[in-house]
Amino acid sequence: MIMTVKSASSKRFFSATTLKSQKPRHLVNMIQLNNEELASLVNKAAGFKKIVRSGETSPVNHQKLLGKLVALLFSKRSTRTRISTEGAAAFFGAQPMFLGKDDIQLGVNESMYDTTKVISSMTSCIFARVNRHQDILDLCKDSSVPIINSLCDMYHPLQAITDILTIKEAFGKTQGLKLAWIGDSNNVINDLAIASLRSGIDVSVSIPQGVEFDTEVGNKAHEIAKEQNLSFEVVHDPAVALKNADVIVTDTWISMGQEEEKIEKLKQFAGYQITPEMIANGQANSNWKFMHCLPRHQEEVNDDVFYSDRSLVFEEAENRLYAAMAVIEAFVVNKGDLLK
Ligand SMILES: NC(=O)OP(=O)(O)O
């Protein structure tokens, strides 16, 4: 039976329930954004950087989430993600609330479903740092406020937005560049590969023999590359990836929670430490720059590269703040309208 809404009070009820049942837009990974949306987030981040760097107070921005809570549901430790998301929340006038794994009932006394319902009922968004990608998907399913993936085993979208901003600042453009990844197959390169291709950057990923690149991400990367006449490849020889590269990137080989694999990983990654000799041997472009999302370990890059004037690592770390601001504005203040 179809019921028509007739009375004014019914109409009010109808619209209120419709509003409440509207699903928020979440930030899961770079696959879910289109090129324009990513570019808009990067431009927004650059705009916030100008505001913050100029020292100007920004009363309009500081009011946008005044009196609201921003939850940081973190089951893993963090320096950059925690500082940048807390800083971004404060910039918009919100109170950031850090909910570490020893702070709340989740996982000990309470299910993810109940926790999600409760946290989202009292906050304006949830930055979630979890172990499994499925946890992000579960949060998205049950949350009434935006979930911002703040790292899971598959993706790290806040880092990818940051990295595109950092590349754009360093080169004045993104189109026409080549990015070489020399390292593990992990959450950072999964999102960075997609974000780079969405920004007009060719991508060459070098991972050791025996390490697999994620199939779904690889397929999507090839699809975007084909659409945009770009190149995406996964190779096992760092010299192949480095040939004509403008941006050279790596990350830890031993992710949080995998510390017991260290000895095996060091053997598997022999020859993967980024050094000036490796870069010269690979014939990177003369204007090459180095990036690393941090924290860094000696085995993946030596000091001569990491602390050189080619290294963008600390600019990149600071840019995390502006990426988090852009994401809060787009997903929370503008309710998922990323082009606004
Ligand atoms: N790059 C990054 O996510 O750093 P943290 O783990 O310190 O947040």
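Residues numbered from 1 in each chain as written. Predicted model: local features only at pLDDT ≥ 70, side-chain atom pairs only at ≥ 80, totals over all residues. Heavy atoms only, no water.

Per an unreviewed UniProt entry, the recorded name for the chain is ornithine carbamoyltransferase, and the organism is Scheffersomyces stipitis. Quoted verbatim from the Pathway (unreviewed entry) field of the UniProt record, the comment on the chain reads "Amino-acid biosynthesis; L-arginine biosynthesis; L-arginine from L-ornithine and carbamoyl phosphate: step 1/3." Check the Sequence similarities (unreviewed entry) section of the UniProt entry for the chain; it says "Belongs to the aspartate/ornithine carbamoyltransferase superfamily. OTCase family." (UniProt positions renumbered as here; feature names shortened; annotations may be inferred.)

**Q** I keep staring at the packing of aromatic side chains and nothing clicks. Help me out?
**A** By convention here, two paired aromatic rings are described through the distance between centres and the angle between planes. Here the structure, examined in full by the defined rule, presents 9 aromatic pairs. Residues F48 and F92 carry aromatic rings whose centres are separated by 5.6 Å and whose planes lie at 90° to one another, so their mutual orientation is edge-to-face. A residue pair is termed long-range when its members are at least 10 positions apart, and F48 in helix α2 (residues 35–54) and F92 in the loop between α4 (80–91) and β2 (95–100) qualify at 44 residues. Pairwise contacts between aromatic rings join F48, F91 and F92 into one cluster. Above the plane of the ring of F98 lies R82, whose end atom (NZ or CZ) is 3.7 Å from the centre. Lying across the ring of F306, R296 places its NZ or CZ 4.4 Å from the centre. (Phe/Tyr/Trp six-rings, centres within 6.5 Å; stacked < 30°, edge-to-face > 60°. Helix = DSSP H or I, 4+ residues; strand = E, 2+ residues; numbered from the N terminus. Lys NZ or Arg CZ within 6 Å of the ring centre and 35° of its normal.)

**Q** Which parts of the structure should I look at to understand the nonpolar core?
**A** Across soluble globular proteins, you tend to see nonpolar side chains buried next to one another. Within the largest apolar cluster, 108 residues are counted, with the highest numbers of intra-cluster contacts made by I248 and F331. The biggest single contributor to this core is helix α14 (residues 313–333), with 13 residues. When residues of this core are assigned to domains, at least three fall in each of domain 1 (35–156 + 320–332) and domain 2 (159–253 + 270–318). Setting aside its immediate chain neighbours within four residues, I248 contacts A180, I182, L242, I274, I279, A284, W288, K289, F290 and M291. (Core = buried A, V, L, I, M, F, W, Y, C linked by side-chain atoms within 4.5 Å. Buried < 20%, exposed > 50% of the residue type's maximum accessible area, 1.4 Å probe, protein only. Domains from an automatic or database assignment. Contact = heavy atoms within 4.5 Å.)

**Q** Looking at this structure, how should I read the site of the ligand?
**A** Around the ligand, the neighbouring residues are S78, T79, R80, T81, R129, H156, Q159, C293, L294 and R320. Residue S78 places a side-chain N or O atom 2.7 Å away from an oxygen atom belonging to the ligand. A distance of 3.1 Å separates a nitrogen atom of the ligand from a polar atom in the side chain of Q159. Taking 250 Å² as the accessible area of the ligand by itself, protein coverage stands at 95%. Both of domain 1 (35–156 + 320–332) and domain 2 (159–253 + 270–318) provide at least three residues apiece to the shell around the ligand. (Near = heavy atom within 4 Å. Polar contact = N/O pair within 3.5 Å; in protein donor to acceptor, adjacent residues only side chain to side chain. Areas by Shrake-Rupley, 256 points an atom, 1.4 Å probe, with all protein chains shown as cover.)

**Q** Would you take a moment to explain the confidence of the model for the chain for this structure?
**A** The predicted coordinates ought not to be read in detail in places where the model reports low pLDDT. On average, the chain scores 93 in pLDDT, and the residues at 70 or more come to 94%. Predicted confidence for residues 1–20 stays below pLDDT 50, and this span has 4 contacts to residues more than four positions away or in other chains. Interface confidence for the predicted complex, given as ipTM, is 0.99, next to a pTM of 0.93. (pLDDT = per-residue confidence, 0-100.)

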